[in-house]
Amino acid sequence: MGKARNLGPIALGLLLMGGAAQAQDNSSGSSADSSDSSSGGWFHDMDVSFGGFIRPEVAFSTSNQENPNNQRGNPYDSISAPRQAYVPPNSGTALLSALGLPITLPLPLNWNSIPVPNVPLVATGTDTVTRPIAPSNNAFNLHILRGEGELGVKLTNDLKFITRVRALGDFGHYSDFRAPSACNSIEGCIDGGNPALYGGAPNYFQYQVDGNKHPNPLEWAGPNYLVYFPTMILDYNHGPLNVRLGNQSIAWGQAIFFRVLDVVDGLDLRRHSVLDYAQEEYSDKRVPSPALRIGYQLTDDVLADGYVQKFQPTVYGNPNTQYNIIPVQFTVHDRYSDDGDDKWSKLSYGMRLKANLGQWGFQAVATRRYNPDGVFRWTASGVSKNLPGTTTGGAPNLLGTAVNLANATSGGAGKALSGTPFEASPGGVYSANEWFHYASMVRLDGIQGLNAAINDFQPSTTKVFASPVQNYQQAVGELNTFFIAAGGDLRGHIERDYFQETVLGLGTSYVVDGEPGSILDQLIINVEGSYTPARVYTSPTLGKDFQHSNDYVGALVMEKYYRFTDAFPATYFVLQYMHRTRDDLFGRSLKGYGGTDTYDANATTGNPGVTNANYVVFAFQQPFPQDIYRVGFATLYDPRGGILVQPGLQYKPNGHWSIDGFYNYINDRLSGNPNNNLLGGLAFGNEFTLRVGYQF
Amino acid sequence: MHIRRYDPDYSRRHFLQQMAKGVASAGVLMPLWQALAQNGEINKAYPEELLSIEGYTKGRIKTGDEITAANVELVKDLLEPIKYVQVAKMGRRLRVAKTTTDLMRLSPWEYLEATLRNQGQARFDARGNVVTAEGKPWIGGSPFPAPQTAVELFAGLTLSWGRHDAAFYAIKEYDLSSDGDLRFNYECGWAELSPIARVCMEPKPYWPGHEDKLRYQSVFFQTPESARGTSFLNIWAYDQSTFPDLYGYVPAFKRIRQFPTDQRFEPLIPGSTLYLSDAWCAGDPLYTWGNYKIVGRGPLLAGVSGGWDPSHPNWEHGTHGGPQGKTFWNTTVELVPEAIVVEAEPVKFPRAPVSKKRVWFDARTQLPISMVSFDRRGEPYRSFDGAYGLYEADGKAFMDGKHPYWSWGHVHAFDIQTGTMTRLEQVRTISGGHATRANDPVIYDKYLTNAALMHLGST
C-alpha cells in the first residue's frame, strides 16, 4: 500500500483507516474479493499516497540586455532623444497667445506647422530627453524556490481524490524597479492602474484584474510567493468511463509546444514564461480551471474526451518582473472581472474524439471557448490629473498650462485627460523615438495607433488639443508636443477583453513501417490543423474595433527514435513545422509585423505586416546508458530571422536528486529587422538556468 | 538402501545424445508430456538423480540447505554461468526446495488444463503465427507442450506471458549500483490481457472483435514523484511480424501521445537495467527475433516454487548479498530435471545492444526460468533470473478463482558489465491502492485503454 510521508493529521487519519482496510483485504486473500468496489464500499480499499519535490531554480543572465519591457531595461534610459513641440493644429488662437506667439501667425494646419520656440524662463519648445530611470544590469534573471506535493487518496476502487499543491517563492535580490523611485515634483507618481502592480516594487506572483484581486480559484499569492492547487479533483473511473471533477488542467494534441489542438487552457507565464526547459513543454504552465472532464472509451480504438470549465484567462508576467512581455509604459486594465467574465456562468466547453487504428490515428476537436489570451485596446485612463506647470528640467510648462487653462471651465485638463488613454505620470513614453521603437517591438502601428488613441476617445482628446495625424512626421510632432506638455512623458492605458470563439480541429497521424533500422522505420508523421471562424484579434492600432478574421493554424510533426550505436540508447527526434495565417505563436496579429524605429516622413502606417508566419522546431533527447544523464536539445527557428536554441543536460544520480541545466540562446537578428520575426525583443532571455531538485 | 536404476551420468549422456541427434523431445526415461498426460507427475520421465538435489549431489546437498560460496562447486553445472559467479563471488545464497513433481503446481491451473485439452491442435500458418487446425487464433494453454523446435518454445511464450487471461502485477523495483547502493526505487504497475487463447475469463477462447490482437499490455509508475503518471500502453497485433502500437502518457506533456515502438532496448526510467524487450524473456514480437535454435539441455537449479513470501503483509521479499547485503533477493530454487536452452538473435533490431539472448526453459512447462543476453562483441551482458510459485504457503493463500494464484514472485536483472542490479518483486499493493489481481475483466478498463492512461496519468 501507499506510504504517507509528512502528512497532516487529516491525511494521517485517512492513512490509518486505509491501513486497517488493507490488512483486512490481505487476510481475505482473494484477488476477486479485492477487485470489486461495490462489495467493499467506501473506505474498504482506501489508500493514501503522497510525494513531492523541492527545487531551487536559478537563471544566470548571459546577456548585457535587460528586459526592454521593464522600466530599467528600456534602452531610452541611456539614449537621449530630441523633442520638438508644435502648436496643436486644433488649438485656435488660445494656445498661441498663451504660448506668447504672435496671433498674427497663420493658424497651424498640422503637427509640423508651427514649432514652439524655446523661450528661457517662459516656454520649453524643444529639448533632449533621456528617461529618468536608472538602467540596471542584473546578473540573475530568476531566483525561485519551488516545492510541489501530490496527495492521492483512493476512496474506493473507482473513486480517488487527488490534490497537487505547488508553492513558489522568489527570494532573489534584483536591481529592479520600484515605482516610488520614479516619483518627481513635476508629475508626481504613477497614479493609474492597480497599485499592487504599478505602485510599488515588482509583484512577482499576484495575479489581479480590475475589480478582483483573487481571480484564480485555489490560489494564494503575495508579491514574492505563490501557493496554488493546479489539481484538486475527484477522479471517478468505472469501466470505460473516467470522470474528473475539480480544479485541473487539460492538454490535447500530438504536437509539442505548438498549440494547435491544445486549446483548452490558457498559460501561466509568471515565473519563467516560455523560457523554461522546452523538453517539458508547458508542464506547469497551463492555467488550471474548475472543470468537469469526462473521458469515455467508446470502443477499443476510439476515445471520447469532453470538458466544461470555468473560464480562466492566460496569466501574463506582472509589470517589471523578469519575463514580463507587456511594456510597462502601458497600464493594463484587465476587464476579466469588470465585464463579468469571471462569473461561474462563463464556461468554455469542448469535445475531442481520438481514434487509433493501427498505423493510423485520428483526432477531431470542437470547442466553444473564451479565448484565454484576450485582446487589447486603448482605454480611458481614468486618471484625473492636470498637466504640470513645469516640464522636464523644471522649466515653465506653458503648453501644459495652456491646456489646463483651456479646460478650466469644463472641469480641468485632468478630467479631460482621464477620458483619454493617457496619464501624465512618470515611467511612460518620453519621446516619439521611444514611442515608435516600442510600437514596432510589440508589433503595433505607431502612427495609426496614435490616431486610434485620439479618434476613439473624442471629445476628451479634442479638449486637450489632440488631433489625428496624416503621417509619421506629424505623429512625431504631436507625440513630442504632448510629452513635453505632460511634464516629460505620458503613460498609456489599455484594456484586456475576452471573446468567445469556436475552434474546430482535425489531426491525423501515420506510423511508417519501413526497413528495420532505416531512417523511415517507425517514423510518426502527424498533421494537425485548426480553424477558428471570426476570431477576434487585437488591432495593431489598439483601436476600439477589434479585428475579426477566420484563423487557420496547421502543424506537421515528425518524430522517431533512432539508435546510432549499440553503446547508447536511441535518440529521440522531433521535427515540427507550423504555419499560421493571422497571428504569431504568441498571439500577436501579423499585421503588426515589420515596424521600425523610424519611417519616411510621409509614411501613413507604422508597419507593413506579413501575411503568414512559419516556424520550425527541431529537438532531440539523447539518454545515456541507464538514463542517468540525458542530453536535450531544442531549437525554434523563424525563417524571418529569429532563432531560439536550447541545449540542456539532465543528471539524475539517484532517486532523490536531479540536476538540470539548460542554456537559452536567442538571436532575433539573423536577417535584419527583429520586429519581423517571432523572437524580436526577446534577446534579453539569453541565460543559463540551473535547477537542483530533491524529491521525497 | 535405495538402489539406483540409472547411474549418475545416464541423464547427462542422454541429453548429449539427444542434442547430437537433434531430437528435441523432453524426458529421459519416457517422453515427458506422455508421463504428464498420464497422471500429471514427472516421476516416470526422469531418473532419480534429476528429481532431487540429494540424488544429484549424492546427498552432499539436501533439501532445505543453502547453496553458498562454500558448496557451489557441487552444483556448478546446475547454474547458469552468471548465477554461479553471483554465488561464488558476490555472496548470493540459494535455498534449495524439494523438486516439484506435480505439474499443476507449476503454472495456472486453467492454463495447464487447456494445454492438456488442446495439445496437438497448434500449427504455424503461412506467416508463422500459431493457429488452430482450422487456421484460427490459438485457443489457450501452451500450444506446443512437447516442443520440437526452438521457435515452438518461443511461440508459446510469446503467446502468453503470465499464463493468465488477464493479470495486473503490483511491482516494486529497486535499482542498485555495483557498490550495492540503492540508487532508485520505483513502484509501478504492469497489466496484460489476452483477447485470444482465453481459458478462464469469459468470453473465451476469443474476445469477439479482438481476434486480430494478441495482447494489451501497459506499464505505469506511481512513485517516485518524478515518474508518477508515466505510463505506456502496448497493443500487440496477433501477427508476430508486426510491432505493437505504443501510446504513452508523459507527465510533462499531460496527454497521451503515440510513440515510435521499434526501440525496445531503452531504459524506461532512470537507473533501470530493464527494457521492454526483456519482458518475460520474450518482450518483442516473435519474428522481430530470429535464428532460434536449441543449444543445450539438462538439469538446472531454478526458482519455480517458493517465490511468494506471505510473511510480509505486502508480500515483500528479504534481501542479502552484495557489498551491502541488498543486492539479491532471498531465493528458493529447486532442481529442474530438464531445462531446454534456446538462443535467438534480434534480427529486426540492427543496432540493438544485444547480439543474442540465451533462454532456459523448463521442459515441463515451457516456462522461461533464466536468460542471459550477450553484447555485440558476444560477451555476456545481462542476466535475468526469476522465481515463480503458487501463492500458497504457511497456511495462507491468495486465490485466483478456485485455485491458488500462480505467478512470478521476484526477478533479478543484472548487468554483468557494470555490476548494476535491478530487482523486481510482485507485491500485494503499490501506492495508489493498485493491487495485484488476475483474470479480472476490470483490468482492461482500468489499465489497458487510452482512457485508462488518462486516469493513471499524473495531474
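Residues numbered from 1 in each chain as written. Chains lettered and ligands numbered in written order. Predicted model: local features only at pLDDT ≥ 70, side-chain atom pairs only at ≥ 80, totals over all residues.

Looking at the overall build of chain A
A count of helices and strands for chain A gives eleven helices and 25 strands. For chain A, the C-alpha radius of gyration of 29 Å lies close to 26 Å, the compact-globule estimate for 696 residues. On the principal axes, the C-alpha backbone points of chain A span a range of 105 × 60 × 45 Å. Within chain A, the proportion of its 696 residues that are buried is 54%. Residue pairs at least 24 apart in sequence account for 69% of intrachain contacts in chain A once pairs closer than 6 positions are excluded. (Helix = DSSP H or I, 4+ residues; strand = E, 2+ residues; numbered from the N terminus. Rg over C-alpha atoms; globule rule 2.2 N^0.38 Å. Buried ≥ 20, exposed ≤ 12 C-beta atoms within 10 Å, placed from the backbone. Contact = placed C-beta atoms within 7 Å.)

Focus: the overall build of chain B
If you tally the helices and strands in chain B, you get eight helices and 26 strands. In summary, chain B has a C-alpha radius of gyration of 21 Å against a globular reference of 23 Å for 459 residues, a match within 12%. When burial is assessed residue by residue, chain B has 63% of its 459 residues classed as buried. Relative to all contacts within chain B whose residues are 6 or more apart in sequence, the contacts with residues 24 or more apart total 63%.

Observations concerning unusual backbone geometry
Cis rather than trans, the peptide bond between Glu202 of chain B and Pro203 of chain B has omega equal to -10°. With respect to the element layout, Pro203 of chain B can be found in the loop between β6 (182-193) and β7 (213-223). That bond from Lys204 of chain B to Pro205 of chain B is cis: its omega, 5°, falls within 30 degrees of zero. Relative to the elements of secondary structure, Pro205 of chain B occurs in the loop between β6 and β7. With a phi angle near 50°, Glu281 of chain A is a residue other than glycine that sits in the positive phi range. Structurally, Glu281 of chain A can be placed in the loop between β8 (241-248) and β9 (289-297). Positive phi values are uncommon outside glycine, yet Asn291 of chain B reaches one of about 55°.

Here we look at the environment of Tyr498 of chain A
Residues and elements named next belong to chain A. With respect to the helices and strands, Tyr498 occurs in the loop between β16 (491-497) and β17 (500-511). Note on Tyr498: 23 C-beta atoms within 10 Å, which makes it buried. With residues near it in sequence (within four places) discarded, Tyr498 still touches Pro313, Tyr336, Asp341, Tyr370, Asn371 and Gly374.

Some thoughts on the domain arrangement of chain B
Residue and element names in this part refer to chain B. Along its sequence, chain B is organised into domain 1 (115-155) and domain 2 (162-456). Spacing between the C-alpha centres of domain 1 and domain 2 amounts to 23 Å. Looking at side-chain class alone, the side of domain 1 that touches domain 2 contains ten nonpolar, five polar and one charged residues. (Domains from an automatic or database assignment. Nonpolar A, V, L, I, M, F, W, Y, C, P; charged D, E, K, R; others polar.)

Structural notes on the interface of chain B and chain A
On the chain A side, the residues contacting the 65 residues of chain B number 71 residues. The set of elements that each furnish at least two residues to the side of chain B that touches chain A consists of β6, β10 (255-259), β19 (396-397), β20 (399-400), β26 (437-438), α7 (442-447) and α8 (450-456) of chain B. With four residues, α8 of chain B is the single largest residue contributor to the side of chain B that touches chain A. Of the residues belonging to the side of chain B that touches chain A, the class tally is 24 nonpolar, 22 polar and 19 charged.

Regarding the packing of helix α6 (residues 398-406) of chain A against helix α11 (residues 472-485) of chain A
To characterise two packed helices, one gives the angle between the axes of the helices and the distance between these axes. Residues and elements named next belong to chain A. At a closest axis distance of 7 Å, the pairing of α6 and α11 adopts a crossing angle of 85°. Relative to α11, α6 is oriented roughly perpendicular. Contacts between α6 and α11 pair Leu399, Gly400 and Val403 from the former with Thr481, Ile484 and Ala485 from the latter. In terms of residue class, the contact of α6 with α11 is built from four nonpolar, two polar and no charged. (Axes fitted to C-alpha atoms, helices over the stretch in contact; angles between N-to-C directions. Parallel < 35°, antiparallel > 145°, perpendicular 65-115°, else oblique.)

Focus on the nonpolar core
With 181 residues, the main nonpolar core has Phe154, Val342 and Phe361 of chain B as its most contacted residues. In contact with Phe361 of chain B, other than residues within four places in its own chain, are Leu153, Ala339, Ile340, Val342, Gln366, Leu367, Pro368 and Ile369 of chain B. Core analysis: the next-biggest nonpolar cluster, separate from the first, contains 54 residues, Val116, Ala416, Val442 and Tyr472 of chain A among them. (Core = buried A, V, L, I, M, F, W, Y, C linked by C-beta atoms within 7 Å.)

Overview of the domain arrangement of chain A
Examined at the domain level, chain A breaks down into domain 1 (9-45) and domain 2 (50-71 + 138-378 + 496-695). Computed over C-alpha atoms, the centres of domain 1 of chain A and domain 2 of chain A are 41 Å apart.

Quick notes on the pairing of strand β9 (residues 245-250) of chain B
Residues and elements named next belong to chain B. Along β9, six of the six residues are buried, which leaves the element largely enclosed by surrounding structure. Alternating residues of β9 divide into Asp245, Tyr247 and Tyr249 and Leu246, Gly248 and Val250, and every residue in both groups is buried. Across five bridges, the pairing between strand β8 (residues 231-237) and β9 is antiparallel. What sits directly across from Asn234, in β9, is Leu246. As paired strands, β9 and β10 are joined by five bridges and run antiparallel to one another. Following the sheet pairing, Val250 is matched in β10 by Arg255. Hairpin connection, β9 to β10: the antiparallel pair is bridged by four residues, and Lys254 has positive phi, about 60°. (Pairing = 2+ DSSP bridges.)

Notes on α11 of chain A
Residues and elements named next belong to chain A. With 14 residues, α11 ought to run about 20 Å at 1.5 Å a step, and its terminal C-alpha atoms sit 20 Å apart, in line with that. For α11, a buried count of 13 out of 14 residues is recorded, marking the element as mostly surrounded by other parts of the structure. With its phi angle positive at about 90°, Gly487 sits one or two positions after the end of α11. (Expected span 1.5 Å × (residues − 1).)

Topic: the packing of helix α9 (residues 446-455) of chain A against α11 of chain A
Residues and elements named next belong to chain A. Where α9 contacts α11, the axes come no closer than 9 Å and their chain directions differ by 55°. Considering the angle they form, α9 stands oblique to α11. Crossing handedness for the pair α9 and α11: left-handed. Facing Gly446, Ile447 and Leu450 of α9, the residues of α11 in contact are Tyr472, Ala475, Glu478 and Leu479. Considering only residue class, the contact of α9 with α11 consists of five nonpolar, one polar and one charged. (Left-handed = near helix turned anticlockwise from the far one by under 90°.)

Regarding the pairing of strand β22 (residues 629-638) of chain A
Residue and element names in this part refer to chain A. Bridge analysis of strand β21 (residues 613-623) against β22 gives eight bridges, and the strand direction is antiparallel. Bridged to Val617 within β22 is Leu636. Here β21 folds back onto β22 in antiparallel fashion, the turn holding five residues, of which Gln626 has a positive phi close to 65°. Bridge count between β22 and strand β23 (residues 642-651): ten bridges; the pairing is antiparallel. Within β23, the residue paired with Val631 across the bridge is Leu649.

Focus: the confidence of the model for chain A
Residues at a pLDDT of 70 or more form 91% of chain A, whose mean pLDDT is 89. Across residues 1-40 of chain A the pLDDT falls below 50, and counting only partners more than four positions away or on other chains, this stretch makes 77 contacts in the model. (pLDDT = per-residue confidence, 0-100.)

A short note on the confidence of the model for chain B
Regions with low pLDDT should not have their predicted coordinates read in detail. In the predicted model, chain B carries a mean pLDDT of 91, and 97% of its residues have values of at least 70. Confidence estimates for the predicted assembly give a pTM of 0.88 and an ipTM of 0.84.

Let's talk about helix α8 (residues 432-441) of chain A
The buried fraction of α8 of chain A is high, at nine of ten residues. Within two residues after α8 of chain A, Arg443 of chain A carries a phi angle of roughly 65°, on the positive side.

A short note on the environment of Asp566 of chain A
Positionally, Asp566 of chain A belongs in the loop between β19 (547-562) and β20 (571-580). A sequence separation of 227 residues divides Asp566 of chain A from Asp339 of chain A, and the C-alpha atoms of the two residues are 61 Å apart. Apart from the residues within four sequence positions on either side, Asp566 of chain A is in contact with Arg351, Ala352, Pro353 and Arg376 of chain B.

Re the environment of Val308 of chain A
Residues and elements named next belong to chain A. Residue position: Val308 is located in strand β10 (residues 302-310). C-beta crowding within 10 Å serves as the criterion here: with 15 such atoms nearby, Val308 is assigned to the partly exposed category. Sequence separation between Val308 and Arg368 is 60 residues, and the spatial gap between their C-alpha atoms is 9.5 Å. If near-sequence neighbours (up to four positions away) are discounted, Val308 is found in contact with Ala291, Leu292, Leu347 and Tyr349.

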